[in-house]
Amino acid sequence: MADEPIDELVEVPVETVPLVVWAARLSFYFLLQGGGLLLAYAYYGFGTDPNSFPLGFRLDPLHAGVHFVWGLVGVLIGFYFPRFATAYILAFAAFYTVVAVLGTFTPYHLGMQLGTRVNEFHWALVGPA
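Counted under the stated rule, the structure contains 16 aromatic pairs. Ring geometry for tyrosine 41 versus phenylalanine 46: centroids 6.1 Å apart, planes at 15 degrees, classification stacked. Residue classification places tyrosine 41 among the buried residues on the basis of a relative accessible area of 0%. Assessed through its relative accessible area of 52%, phenylalanine 46 is described here as exposed. Among the aromatic residues, those joined into a ring-pair cluster are Tyr29, Phe30, Trp70, Tyr88, Phe92, Phe95, Tyr96 and Phe121. Between the NZ or CZ atom of arginine 25 and the centre of the ring of tryptophan 22, over which it lies, the distance is 4.8 Å.

Next up on the list: the side chain of histidine 122. Here histidine 122 shows up in helix H5 (residues 116–126). Residue histidine 122 is classed as buried on the basis of its relative accessible area of 0%. Filtering out sequence-adjacent residues up to four positions away, histidine 122 remains in contact with His63, His67, Tyr96, Val99, Ala100 and Leu114.

Calculation criteria
Residues numbered from 1 in each chain as written. Predicted model: local features only at pLDDT ≥ 70, side-chain atom pairs only at ≥ 80, totals over all residues. Heavy atoms only, no water. Phe/Tyr/Trp six-rings, centres within 6.5 Å; stacked < 30°, edge-to-face > 60°. Buried < 20%, exposed > 50% of the residue type's maximum accessible area, 1.4 Å probe, protein only. Lys NZ or Arg CZ within 6 Å of the ring centre and 35° of its normal. Helix = DSSP H or I, 4+ residues; strand = E, 2+ residues; numbered from the N terminus. Contact = heavy atoms within 4.5 Å.

Read these as geometric descriptors, not functional statements.
As structure tokens, this is what we get:
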């Protein structure tokens, strides 16, 4: 059978993954960032100054928890429940728009420390989302 020529090419359907599902999968970054920071806070103590962490990880424990939850939900939706990806991205965009707007006027809101760099990052998230 291995020596017989193949007369017809078998077409295998290729499923394309929508961009919104890839966007939900990219929230893996938030899962890693929030989870890593929560582990660091558990080790060093939750009273640790966020500015003692490297750039990109200077979030207070509550903010790290928020990132961890958004990342966990995004990864679950992106990989296991892609039909909910559009709703997730819309909720993500709405939440971070509110946080970015509130962070523009005050450095502390919803119990989170929203410094200038963190707020710039939130504004950078709002556009693509």
